[in-house]
Amino acid sequence: MGYDFLALYLSVTEEFDDNVQVLEVLERFEQDCASLEEALSRLWGPAESVDLRPYMDLMVRGETVPELPGFLLGVMSDVAVWRFADRSICVGVGVSDTHGPVVLVAAAGEL
């Protein structure tokens, strides 16, 4: 069975030995994400900022969570979202643990 979403890693780093490096790269990726969000907002209007942490609460309680937010929670706690009739498009930046990798993700699916 396949996933009910599509996610693309637009940029990915390797893991880092130094937390300072992670923060520097994270800042650069966040600037890249802001530029992408700005470009997409010119096409689709302003993005909605979505906090993914309530989905984590559902997961902890053993409740069903759509696959896309479940996937995104592995690396980020919030995303910029554009909602359409049949799907949501989102972009975000995150770090999978304290030493990376840092990722810039674009995804489409149910959010």
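Refer to the structure presented above.
Only a predicted model underlies this, so the values are computations on that prediction, with no experimental measurement involved. (Residues numbered from 1 in each chain as written. Predicted model: local features only at pLDDT ≥ 70, side-chain atom pairs only at ≥ 80, totals over all residues. Heavy atoms only, no water.)

Asker: Teacher, can you tell me more about a negative patch on the surface here?
Answerer: A grouping of Glu14, Glu15, Asp17, Asp18, Glu24, Glu27, Glu30, Asp78 and Asp97 is seen on the molecular surface, where their side chains present a negatively charged patch. Broken down by element, the residue count for the negative patch peaks at 3 residues, all from helix α1 (residues 19-44). By the secondary structure assignment, Asp97 is in the loop between β4 (88-95) and β5 (102-109). (Patch = residues over 30% accessible without salt bridge, like charges linked within 9 Å, V, L, I, M, F, W, Y side chains within 5 Å. Areas by Shrake-Rupley, 256 points an atom, 1.4 Å probe, with all protein chains shown as cover. Salt bridge = Lys/Arg side-chain N within 4 Å of Asp/Glu carboxyl O. Lys, Arg positive; Asp, Glu negative; His and termini not counted. Charge placed at Lys NZ, Arg CZ, Asp CG, Glu CD. Helix = DSSP H or I, 4+ residues; strand = E, 2+ residues; numbered from the N terminus.)

Asker: Can you help me understand α1 in this one?
Answerer: The terminal C-alpha atoms of α1, which comprises 26 residues, lie 36 Å apart, in line with the 38 Å expected from a rise of 1.5 Å per residue. Within α1, burial applies to Val22, Val25, Leu26, Phe29, Cys33 and Leu40. Next to the buried residues of α1 lie β1 (5-12), β3 (78-83), β4 and β5. (Expected span 1.5 Å × (residues − 1). Buried < 20%, exposed > 50% of the residue type's maximum accessible area, 1.4 Å probe, protein only. Contact = heavy atoms within 4.5 Å.)

Asker: When you look at the state of the cysteines in this model, what are you seeing that I'm missing?
Answerer: Defined simply, a disulfide is a covalent bond joining two cysteines at their sulfur atoms. Here the structure, examined in full by the defined rule, presents 0 disulfides. No disulfide involves Cys33; its nearest neighbouring cysteine sulfur is the one of Cys90, lying 9.7 Å away. Residue class for Cys33 comes out buried when judged on its relative accessible area of 9%. (Disulfide = S-S within 2.5 Å.)

Everything listed here is a matter of coordinates, which is why it stays silent on function.
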